[in-house]
Every structure is written in C-alpha cells, then in structure tokens.
Amino acid sequence: MISQKTERARAVHDVSCGKALRERAVGRAGSPDPVLAELISKIAAEIEDHCGHRRLKCHRLAMGWTVAQAVAAAHQLVEDEHLPKVGLSERSWKDWEAGGLPSPDYQDLLCRLFATSPVELGFARDYSPTPEADANAPLWIGDGPDGTLFARDAARADAGSRTFTEVEATKRRDAVKLAGLAMAAPAAAAQILEQAAAEAMEFTQQAEASSLGSGTLDHLDLAVTEFNRAYSLRPPKAVFDAMMDYRRKVNRLLKAKHTHQQERELLAYAGWLSELLAWLAHDLGDARTGLAFATDAFVHGQQAGHGQLCAWAMDAAASINLYEQRPSKARNAALKGLTEAPAGHPLTVRLHAQAARAAAADGDAEGFTTTFHAAQDAHRLLPPRSPRRFGIDVMPLADYALTSYPATSFIWLGQAEQARQHAEHALATYEAAPAASRSPSREAIARLDLAIAHAQLGDPDDAVALGHQALDSARVVDSVLGRAGDLTSFLTRRYPRQSAVEGLREHLAALDAAARPALPAAPSGA
C-alpha cells in the first residue's frame, strides 16, 4: 500500500508555493542575513515534503534563487574559490532538476554551493543505519520523487515497519534481495552473489559499449592538430572544405553509440573544429556563418565542460563582430569569453585586448585605456611556461594582441603617432615569431595599420608602398581586403590627385574580385 507521504510527494506544486514556504520560515527565524546553511536545509526539507520537487530544486527554492541566479552563483563560487572553470548553463541546471545526474565534478560544485552532501541533493543514497531504526528493519523504507533514497525519510519511518515502499518495484527487486543477503541461507547467498557478479559484468559491458574504433579519437586529435597548423598557412577555401568534411563526420559519430567519456571528447573535437570554421568563414567574408560556428563551438564546449574552448569561441565571435562594425556585441563576446578562460592563460590577455579594441571602435577612449591596462596586467601575470594549443605555442597570440590591437585602436581614436609606434612594434613581433606561429594575414593587417598611420601623418608615399606590400601577402583574406579598403578610401579623400593611390586601388580591386568564393552549406547540428 502506498503511504500518504508518497502520494503527497507525487503532487508537484507551483514554485510560488516553495517561495511562500521559504518566506515564512525565514520570517520565523528572525530574517537572518545571510540565511545559515542549517536553516536552508530545513526549508528545503519542508518544500520537498509539501511540494514534491526534487531535492536540487528544493535547495534552490530554499535559497530564493531563480535558475539563472543559481547558475550565476555557481560561476561566482568558481571564481571566488579559484576552482577549475566550468561551462555550467541554465539548460544543464534544468536537466538536473528534471532528474538528470550531474558529473562528479558538477556534483562537487553543487554541494559546495549549497554547503551540503550529494545525498541531501538527491545525487546519492545513504545506506547507513539510523538510530531510531530497528536492527532488523529493511534498508529501503521510503523514496523521494526522483527515485533516490532519502536518509531523512528512513529516520522518520515507523521503526516497527517490515515493508518495502517501492516506486519502481521491478527495477529494485534484485537490489532488495541483495539487501537481505546477511539473513539468507548460505546456498541462497551464493546464488545471489553469482547473479550479482553476472549483472556487474553486464553493467561494465554497457558502460564500455561503443561503435567507435580504437583509433578514432587519436585520428581526430591528429586531424585537428594539422588543421590548426594549416589555418594560417593555406588558402582558407581549401582548408574550409576539408575541415567541414571532418565536422560532419564528428556530428555522425556523436549520433552513434559511444561511452560517456568518448562523448565528452567528441563534443570537444566538434567544438574545436567549429571554432576554426568560424575563423575560416570570417576569412572568406561570411560573418553570418562565422558567428554561427562560433556559437556552435561555445555550445559544444559547454556540453563538454571545456571552459577554454568556450573562451576561444568567444574570441572568434569578438573579432567577427568588430569587423562587422558591431563593437558592443564584440565587447560582450570578449567579456563572456573571460568568464570561461582559465586564469593565467594567454587567452585572457587576448580577450581583454579584444574588449579594449571594441571600446576604441565605439569611440570610447577612456574605456579603451582602462581595458587595455587590464590586458597589460594580465600579460605581466602570465606564468613563465606558455601553454600550447594542439602543439602550437599560444603566447605569440597574446603578444600580437598587445601590439596589433592597440595599433588599430589608436587609428580609430585618431591618434596617428601612437598607432604608428604600435604598428611598427607589431610588425617586429610578427617577423620575430617562430615559423609555426607566423600569420601572414595578421602581418598584412599590421602593415595596413602602419600604412594608415603614415597616411594620417601626411606621408602618402610610404602609405602606398606599405599597402602594396600587405596586398602581396601569401594569405590575403577578407579582413585584409577590408582594412586595405579603409586605407585606399582615406588616401583617395586626402590625396585625390595622386596616381600612386589609383594604382593601389586597382591592385585591391583585382584581389577583391577573385577572393570571395561562396561557402558550402553547414550541416544540420553543426
């Protein structure tokens, strides 16, 4: 017979009911600020008994949080306690409140957040005997709405009861038999253990079941490594086609059977491929596709629990939005990336510099100065040993951001001499970089920034010469063409009768006509 308590737990009330219970409980306690963890636990228990929500939701309501506020509090806890960055989202939180089980790392974070244990949040079962329970009482006495054992329910149950309350009787029958193993006859006990051993083997086989070949993930790692190396050196159209093919393959692998660990790795590889595809689409002049892939990379990074991947995705989104003349969106993307970037990583320098460049594009000189100082401070705090991204040192990317980004920013802010100095420094930095870290397109943009600075300072001949050098680069992508267009427009307005300016315009027009191929369609789910 189902108890009244179980019946009540099945009737889930509206969240307003839980909020009202919290307000009354806090009021009875004298409205303490902050509310102590012990009181939160009692409020959560009352909400659970009265409203029937799962335990994680009860604790959230006991805190008085919305889902968005709970997620924000978790991220703040990570920052305050210097924990590893996480990709926690509202969607994940709602999945857990609906009965999904968080990974061990997220369980630890949630237990820290609510200052409690996995049992109290409904993630585990407590099998320890309670003081009130009869020594011969069965282990299972009551069940919560999500099918987990509540230690508090067991303590409250009638000590003389010998019945099992089963919500999922079929699934638990063997577990109940095993719980009575100590009282079974030796022959029966041996049979139970033999059956349990067979089931344990089946559980293991299910956990390891996968349609992925033994070398699939190694192959993907090698492929993504090679794509990272090829990005700055090969024509973007050729790399885009090959990478798009791999992105589709990973999408198919994600739909096939694999283990949980393999799924996390596949999600990460999908995200890395989409992050590179975002840059390639940007290079090919398709901002919409670039931003779509940047978003896809961020989402897959979140699902994989890979904060660094999320931050790289937002770095791409910031650049694409800047070239689309959307500085506020670029700044928001950079700040979003900073919440995910690992502390002490060169990527934090880059994202601060992205935010500074966005402020300059918006004409905010003070905002640029403040944010660029944050980038410089982050650069000074970097550890001696630089991390690598698929075998490539990422420190030069931070160095570039501290030289080329301010050069562009000072041009937008009308400070030509400052722009000239930073552009010259940027060129020197690019030319001194190891071959594997060289970027012809970024180097071309630095030359164009220097050319614009010379033009603003009244030196059109040097500006035209630098412009031709930039357009002779081995990798003339859409961002290079766009910046060259800024140069020729300025020179045409300032020096309309210069034949050299017309020659530069013709050089640019010829390249522009040949450099805008159409992108293939992205697959569904990418």
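Scoring rules and cut-offs
- The numbering scheme is per chain: residues are counted from 1 as the chain's sequence reads.
- A pLDDT threshold of at least 70 governs which residues receive local features in this predicted model, and a stricter bar of 80 or more applies before side-chain atom pairs are shown or counted, although totals over entire chains, interfaces and linings include all residues.
- Just so you know, side-chain values use all the structure's heavy atoms and leave hydrogens and water out.
- Any carboxyl oxygen of Asp or Glu that lies within 4 Å of a side-chain nitrogen of Lys or Arg is treated as forming a salt bridge with it.
- Counting from the N terminus, the helices are DSSP H or I runs at least four residues long and the strands are E runs at least two residues long.
- Throughout this description, buried means an accessible area under 20% of the type-specific maximum (1.4 Å probe, protein chains only), exposed means over 50%, and partly exposed covers the range between.
- Geometry of aromatic contacts follows a simple scheme: Phe, Tyr and Trp rings, the Trp one being its six-membered ring, pair when their centres are within 6.5 Å, and the pair is stacked under 30 degrees between planes, edge-to-face over 60, tilted otherwise.
- Only when the NZ of Lys or the CZ of Arg is both within 6 Å of the ring centre and within 35 degrees of the ring normal is a charge said to sit over the ring.

Undergrad: Before we go on, may I ask you to explain the pattern of salt bridges in this structure?
TA: A side chain of one charge can pair with a side chain of the opposite charge if their charged atoms are brought near each other. Counted by the stated rule, this structure contains 19 salt bridges. D449 is paired through a salt bridge with R483; the nearest N and O atoms lie 2.6 Å apart. Highlighted residues: D449 in helix α21 (residues 440-456) and R483 in helix α23 (residues 478-494), separated in sequence by 34 residues. The exposure class of D449 is buried, given its relative accessible area of 2%. Of the residues examined, R483 reaches a relative accessible area of 4% and is grouped as buried. Overlapping salt bridges bring together E81, D108 and R112 as one network.

Undergrad: Explanation requested: the packing of aromatic side chains in the structure shown.
TA: What characterises a pair of aromatic rings is the spacing of the ring centres plus the angle enclosed by the ring planes. Evaluated as defined, the whole model comprises 10 aromatic pairs. Ring centres 5.3 Å apart and planes at 90° place the aromatic pair W272 and F390 in the edge-to-face group. Here the residue W272 occupies a position in helix α13 (residues 260-283), and F390 occupies one in the loop between β1 (388-389) and β2 (392-393), the gap between them amounting to 118 residues. Ring plane angle 75° and centroid distance 5.2 Å describe the contact between F368 and F410, whose orientation is recorded as edge-to-face. Of the two residues, F368 is situated in helix α18 (residues 365-380) and F410 in helix α19 (residues 395-412); the sequence distance between them amounts to 42 residues. Each member of the pair, F368 as well as F410, carries the same accessibility label: buried. Site record: aromatic cluster; members linked through ring pairs are W65, W93, W96, Y106 and F114. Just above the ring of Y405 sits the side chain of R357; from NZ or CZ to the centre is 3.8 Å.

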